[in-house]
Amino acid sequence: MSILYYDGHDEKKRRVLHRYCEASSLPFRVVETIDQNQTIAELLEGVTSSEPVHKDLPDKDLLICNQISDKQISKLLDHMRKEGMKMERTCVVTRYNISWTFVDLLHEIIEEHETMELRSACQKEIKEISVLQEERYSPQSWALYQDAVLKGFILLQQGRLS
């Protein structure tokens, strides 16, 4: 049971999370730029890297939970919200991602997060435009509109919107 955290250069968030983990007896490790090419398994084992890294990581934070219960994760996220901080990118260690390098997992989670934000925005737009009234439009523009909404809806249902 442990937490890995990359702060995306947000030191305040790191300090709040660190204090919470200490108070809750949750093992906690900050992932540094130098650790980016290590696997998640290596980070969990406490392996430190001495290889020079020539690439900066994105300014996006990532909280990685290993064998932490849903209840514990919810309490942690609630605490962060009460402190005025949001943990936008959170994931759990799985048998699939444990062998990934940290940088690969970070990029994957960032992409997933951006896709979910886009999907949410599209769902909101579809809901808002669903109140349009056909009689206010020409038959040709209405047909184009219906086609576009239908295609968007199908893509959302298939999870292929990206």
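Residues numbered from 1 in each chain as written. Predicted model: local features only at pLDDT ≥ 70, side-chain atom pairs only at ≥ 80, totals over all residues. Heavy atoms only, no water.

*Asks:* Describe in detail the overall build of the chain, supporting the description with residues and values.
*Replies:* The secondary structure content of the chain amounts to five helices and four strands. A compact globule built from 162 residues would reach a C-alpha radius of gyration of about 15 Å, whereas the chain, at 21 Å, exceeds it by more than 25%. Referenced to the eigenvectors of the C-alpha coordinate spread, the extents of the chain come out at roughly 65 × 35 × 25 Å. Taken over 162 residues, the chain has a buried fraction of 34%. Pairs at least 24 apart in sequence give 71% of the contacts found in the chain among residues at least 6 apart. When the 21 positive and 27 negative side-chain charges of the chain are each reduced to one mean point, those points stand 6 Å apart. (Helix = DSSP H or I, 4+ residues; strand = E, 2+ residues; numbered from the N terminus. Rg over C-alpha atoms; globule rule 2.2 N^0.38 Å. Buried < 20%, exposed > 50% of the residue type's maximum accessible area, 1.4 Å probe, protein only. Contact = heavy atoms within 4.5 Å. Lys, Arg positive; Asp, Glu negative; His and termini not counted. Charge placed at Lys NZ, Arg CZ, Asp CG, Glu CD.)

*Asks:* So what's going on with unusual backbone geometry? Residues and values would help.
*Replies:* Backbone phi values are negative for most residues with the exception of glycine, while trans is the configuration of most peptide bonds. You will see that His9, though not glycine, has its phi angle at about 70°, which is positive. With respect to the helices and strands, the residue His9 is situated in the loop between strand 1 (2-6) and helix 1 (11-23). The phi dihedral of Ser25 is positive, around 55°, even though this residue is not glycine. Considering the arrangement of structural elements, one finds Ser25 in the loop between helix 1 and strand 2 (28-30). By relative accessible area, Ser25 is classed as exposed at 60%.

What is shown is where atoms sit, not what they do.
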